Amino acid sequence: MKFIGDYHTHSTYSDGRDTIVEMVDAARQKGLGEVAITDHGPRNIGVGVKGPGTFLVIKEEIEKLQDNREDIKILAGAEANIISSAGEIDIPVNIAKELDILLVGLHPYVWPNTFRDGISFVLGNQLSRAVPYLKKKMKNTNTKALVEAMHKYPVAAVTHPGLGMPIELDEVCRACLATDTAWEINTGHNFQTVNEVQKAARKGAKFIVNSDAHFAKTVGALEQGLSLLTHANVDLEQIINIQV
Ligand SMILES: [Zn+2]
Ligand SMILES: [Zn+2]
């Protein structure tokens, strides 16, 4: 039993500390057959790539690197941000289409799509940390945004579901099934519980275990994810990046 690949890593094009070459070579050393470079979308405040076009530059760099690395498949991807309560993301469709893998995640510090989204979505999530009444409202808003995004774009996986921004697990799981989107087990943040994994598994979720590595040394550090899934008694067939 081994992991086929790590499909969520960041390079120096966003807030990762190591270059694409260093990330890829770390994955090779770990014996992975595939690795995806998925830098943050441009609207992630302070950490995103310069602009959506950067993903095409990254893709070109990966294509060149791929020619010199025969033992690993390198995927050009992105971790897009949701920037509106209607589930819009910060990467235009024409660029998203060029990518090998599109991940989507909810992040609290993003430049919103419109002023209204700034108030209802971004500010709402900030305030909800202190105001209990808003927590429930934002849970609904976040869930709806994530579900809409899955239906609008070809999302391969939802990154760190529920981290810092509450979501309705059942509803997000249903949308994952309807749109063939994986539920990420994120070993970088390592925040998920056996209980919630069990709930998602019972709903029939397909899991993908990713490192969310921002350093070469943590690429492919996926063991904790497997341990969590094993504790939750998840059927190995429900984990898409594991080879039994
Ligand atoms: Zn993220
Ligand atoms: Zn990430």
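Scroll up to find the structure.
Student: What am I meant to see in the overall build of the chain here?
Tutor: Assigned secondary structure in the chain consists of 8 helices and 9 strands. Its C-alpha atoms give the chain a radius of gyration of 17 Å, near enough to 18 Å, the size a compact globule of 244 residues would have. If one aligns the C-alpha atoms of the chain with their principal axes, the spans along those axes are about 55 × 40 × 30 Å. Every one of the 244 residues in the chain was classed for burial, and the buried ones make up 50%. Restricting to contacts in the chain with at least 6 residues of sequence separation, those with at least 24 account for 75%.

Student: Just checking my understanding: could you explain helix α1 (residues 20-29) for this structure?
Tutor: For an α-helix, the turn length of 3.6 residues means that residues three or four places apart are oriented alike. For α1, the set of buried residues is I20, M23, V24, A26 and A27. For α1, the buried positions fall inside an angular range of 160 degrees around the axis, keeping them on one side. The elements touched by buried residues of α1 are β2 (5-6), β3 (34-40), α2 (54-67) and β4 (73-81). Two residues or fewer after α1 comes G31, characterised by a positive phi angle close to 85 degrees.

Student: Explain the pairing of β4 here, please?
Tutor: Remember that side chains alternate between the two faces of the sheet whenever the strand is regular. Where burial is concerned, most of β4 is hidden: 7 out of the 9 residues are buried. In terms of strand pairing, β3 meets β4 through 7 bridges, oriented parallel. Looking at the pairing, D39 lines up with A78 of β4. The β-α-β motif built from β3, the intervening α2 and the parallel element β4 has right-handed crossover chirality. For β4 and strand β5 (residues 101-105), the ladder comprises 5 bridges, and the chain directions are parallel. Bridge pairing in β5 links A80 to V104.

Student: Is there a simple way to think about unusual backbone geometry in this case?
Tutor: The bulk of non-glycine residues show a negative phi, and the bulk of peptide bonds are trans. One non-glycine residue, D180, lies in the positive phi region at around 55 degrees. Secondary-structure assignment places D180 in the loop between α6 (169-179) and β7 (182-186). Among the residues examined, D180 registers 11 C-beta atoms within 10 Å and is labelled exposed. Despite not being glycine, N190 has its phi angle at roughly 45 degrees, a positive value. Take N190: it is sitting in the loop between β7 and α7 (194-202).

Student: I tried to follow the nonpolar core on my own but got confused; where do I start?
Tutor: In this structure, L102, V104, L146 and F207 are the most contacted members of the largest nonpolar core, which totals 69 residues. What L146 contacts, discounting residues up to four positions off in sequence, is I82, G87, L106, V158, I167 and V172.

Student: Teacher, can you tell me more about the packing of helix α4 (residues 115-128) against helix α5 (residues 132-152) here?
Tutor: Where α4 contacts α5, the two axes come as close as 9 Å, and the packing angle between them is 140 degrees. Classified by the angle their axes make, α4 and α5 are oblique. Crossing of α4 against α5: the hand is left-handed. Here S120, F121, G124, N125, L127 and S128 of α4 lie close against α5, whose contacting residues are L134, K135, M138, T141 and A145. Residues belonging to the contact of α4 with α5 are distributed by class as follows: 5 nonpolar, 5 polar and 1 charged.

Student: Would you mind showing me how to read the environment of T143 here?
Tutor: Within the secondary structure layout, T143 lies in helix α5. Look past the residues within four positions of T143 in its chain and what remains in contact with it is I167, E168, E171 and V172.

Student: I'm lost on the packing of α1 against α2 in this one. Help?
Tutor: The axes of two packed helices give the description: the angle between them and the distance between them. Relative orientation of the contacting elements α1 and α2 amounts to 45 degrees, with a least axis distance of 11 Å. Taken together, the axis directions place α1 and α2 in an arrangement best described as oblique. Where α1 crosses over α2, the handedness of that crossing is right-handed. Contact residues: I20, V21 and V24 in α1; E61, I62 and L65 in α2. Of the residues contributing to the contact of α1 with α2, the split by class is 5 nonpolar, no polar and 1 charged.

Student: I'm lost on the environment of P42 in this one. Help?
Tutor: Relative to the helices and strands, P42 resides in the loop between β3 and α2. A tally of 23 C-beta atoms within 10 Å means that P42 is categorised as buried. For the pair P42 and I89, spaced 47 residues apart in the sequence, the C-alpha separation amounts to 9.9 Å. Those residues in contact with P42 that sit more than four places away from it in its chain are G48, V49, K50, G51, P52 and D90.

Scoring rules and cut-offs
Residues numbered from 1 in each chain as written. Chains lettered and ligands numbered in written order. Predicted model: local features only at pLDDT ≥ 70, side-chain atom pairs only at ≥ 80, totals over all residues. Helix = DSSP H or I, 4+ residues; strand = E, 2+ residues; numbered from the N terminus. Rg over C-alpha atoms; globule rule 2.2 N^0.38 Å. Buried ≥ 20, exposed ≤ 12 C-beta atoms within 10 Å, placed from the backbone. Contact = placed C-beta atoms within 7 Å. Arc of directions from axis to C-beta. Pairing = 2+ DSSP bridges. Right-handed = clockwise from strand over helix to strand, strands pointing away. Core = buried A, V, L, I, M, F, W, Y, C linked by C-beta atoms within 7 Å. Axes fitted to C-alpha atoms, helices over the stretch in contact; angles between N-to-C directions. Parallel < 35°, antiparallel > 145°, perpendicular 65-115°, else oblique. Left-handed = near helix turned anticlockwise from the far one by under 90°. Nonpolar A, V, L, I, M, F, W, Y, C, P; charged D, E, K, R; others polar.

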